[in-house]
Amino acid sequence: DQQVKQNSPSLSVQEGRISILNCDYTNSMFDYFLWYKKYPAEGPTFLISISSIKDKNEDGRFTVFLNKSAKHLSLHIVPSQPGDSAVYFCAASAAGGSQGNLIFGKGTKLSVKP
Amino acid sequence: DGGITQSPKYLFRKEGQNVTLSCEQNLNHDAMYWYRQDPGQGLRLIYYSQIVNDFQKGDIAEGYSVSREKKESFPLTVTSAQKNPTAFYLCASSITAQYQPQHFGDGTRLSIL
């Protein structure tokens, strides 16, 4: 049973517009959430994180929103650039526990067209 | 430059052989992790270590073994008991296990000859 779900395998956006990537989770014990960007044959690159005590976190063009009641988070990229084209993974952790290991979604492939 | 180094980038194994994947970090991170990625899938945790000389099984540990004798090193052995070893293997580390982002190496692609 998938605990972290990214229901859109792909997303295509025009350069300069907003990209919105979505993620749903089922485990109410998750309290730390992250987004990673990945190019083929490379390791994921950390983008932004949010803990469950917040509902929004911004870093430059990237903003993550967390809706705990809906068990939903989203990543907004504004404005989108062609270099943002990659696979984006949502990850979650019950970091308040002893493990801290991440549970990943299957990813959403973002294509930003010039 | 600080970072995580995985070697080799490509690795081939014959049936019945054990093979060891290297992971070294110079970030002074306490926690280290091994993940496996299959095509079209997310990353799945194989083993993790929160501190030297301690490690725990992840979701798919069968057929794998690890050691953590030094803070900076966390090698993964893929044994002959792993029935489907062909995959992309990723090593990660974090300052501590809780509330810290994990930073990844560039991976090792293992293939069966």
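Use the structure listed above.
Our subject in this report is the structure included herewith.

Here is what the cut-offs are and how they apply
Residues numbered from 1 in each chain as written. Chains lettered and ligands numbered in written order. Predicted model: local features only at pLDDT ≥ 70, side-chain atom pairs only at ≥ 80, totals over all residues. Heavy atoms only, no water. Phe/Tyr/Trp six-rings, centres within 6.5 Å; stacked < 30°, edge-to-face > 60°. Helix = DSSP H or I, 4+ residues; strand = E, 2+ residues; numbered from the N terminus. Buried < 20%, exposed > 50% of the residue type's maximum accessible area, 1.4 Å probe, protein only. Salt bridge = Lys/Arg side-chain N within 4 Å of Asp/Glu carboxyl O. Pairing = 2+ DSSP bridges. Disulfide = S-S within 2.5 Å. Core = buried A, V, L, I, M, F, W, Y, C linked by side-chain atoms within 4.5 Å. Contact = heavy atoms within 4.5 Å. Buried area = accessible area lost by both parts, 1.4 Å probe. Polar contact = N/O pair within 3.5 Å; in protein donor to acceptor, adjacent residues only side chain to side chain.

Here we take up the packing of aromatic side chains. Applying the stated criterion across every chain yields a total of 14 aromatic pairs over all chains. Ring geometry for phenylalanine 104 of chain A against phenylalanine 104 of chain B: centres 6.2 Å apart, planes inclined by 75°, an arrangement best described as edge-to-face. With phenylalanine 104 of chain A in strand 10 (residues 103–104) and phenylalanine 104 of chain B in strand 10 (residues 103–104), this residue pair bridges two chains. The exposure classification of phenylalanine 104 of chain A matches that of phenylalanine 104 of chain B, with both residues buried. On the basis of an interplanar angle of 65° and a centroid distance of 5.9 Å, the ring pair of tyrosine 64 of chain B and tyrosine 89 of chain B is categorised as edge-to-face. In this pair, tyrosine 64 of chain B sits in strand 7 (residues 64–66) while tyrosine 89 of chain B sits in strand 9 (residues 87–94), placing the two residues 25 residues apart along the sequence. Each member of the pair, tyrosine 64 of chain B as well as tyrosine 89 of chain B, is classed as buried.

Applying the stated criterion to the full structure yields 5 salt bridges over all chains. In this structure, the salt-bridge partner of arginine 61 of chain A is aspartate 84 of chain A, at a minimum N-O distance of 2.8 Å. Residue arginine 61 of chain A is found in the loop between strand 6 (56–59) and strand 7 (62–67), and its partner aspartate 84 of chain A is found in the loop between strand 8 (72–77) and strand 9 (86–93); the two are separated by 23 residues along the sequence. In this structure arginine 61 of chain A comes out as partly exposed when scored by relative accessible area, which is 22%. For aspartate 84 of chain A, a relative accessible area of 2% corresponds to the buried category. Between aspartate 38 of chain B and arginine 44 of chain B there is a salt bridge, and its shortest N-O distance comes to 2.8 Å. The exposure class of arginine 44 of chain B is partly exposed, given its relative accessible area of 38%. Shared partners join several salt bridges into a network, and the residues in it are Arg36, Asp38 and Arg44 of chain B.

The next point concerns the sheet that holds strand 3 (residues 19–25) of chain A. Residue and element names in this part refer to chain A. With antiparallel pairing, the 5 strands of this open sheet are ordered in space as 1-3-8-7-6. Across the chains shown, the open sheet's two edge strands, defined by having one partner strand only, are strand 1 (4–5) and strand 6. Pairing between strand 7 and strand 8: 6 bridges, direction antiparallel. Each residue of the ladder has a partner; that of leucine 66, found in strand 8, is leucine 73.

The final tally for this structure, using the stated rule, is 2 disulfides over all chains. Note on cysteine connectivity: cysteine 23 of chain A is disulfide-linked to cysteine 90 of chain A, with sulfurs 2.0 Å apart. Judged by the sign of its S-S torsion, about -70°, the bond between cysteine 23 of chain A and cysteine 90 of chain A is left-handed. Highlighted residues: cysteine 23 of chain A in strand 3 and cysteine 90 of chain A in strand 9, separated in sequence by 67 residues. Shown here is the disulfide that connects cysteine 23 of chain B with cysteine 91 of chain B, its sulfur atoms set 1.9 Å apart. Taking the sign of the S-S torsion, about -75° here, the bridge from cysteine 23 of chain B to cysteine 91 of chain B comes out left-handed. Placement of the pair is cysteine 23 of chain B in strand 3 (residues 19–25) and cysteine 91 of chain B in strand 9, with a sequence separation of 68 residues.

This brings us to the nonpolar core. Ranked by size, the top nonpolar core spans 24 residues in total, and within it Phe33, Trp35, Leu73, Leu75 and Tyr88 of chain A carry the most contacts. Sorting the residues of this core by element identifies strand 3, strand 4 (32–38), strand 5 (45–51), strand 7, strand 8, strand 9 and strand 11 (108–113) of chain A as the ones contributing at least two each. Examining the composition of this core, we find that 4 residues originate from one element, strand 9 of chain A, more than from any other. The residues contacting phenylalanine 33 of chain A, other than those within four sequence positions of it, are Tyr25, Ile48, Ser49, Ile50, Leu66, Leu73, Ala91 and Ala92 of chain A. One finds Val19, Val66, Leu76 and Leu110 of chain B within the second-largest nonpolar core, a separate group that totals 20 residues.

A separate point is the interface of chain A and chain B. Contact residues are listed per partner, giving 23 residues for chain A and 24 residues for chain B. For the chain A and chain B pair, buried surface summed over both sides reaches about 1800 Å², with 56% attributable to carbon and sulfur atoms. Connecting chain A to chain B are 0 salt bridges. Applying the counting rule to chain A against chain B returns 5 residue pairs in polar contact (both at pLDDT 80 or more). Listing elements by their share of the side of chain A that touches chain B, those giving two or more residues are strand 4 and strand 10 of chain A. Here the side of chain A that touches chain B takes 4 residues from strand 4 of chain A, the largest share from any one element.

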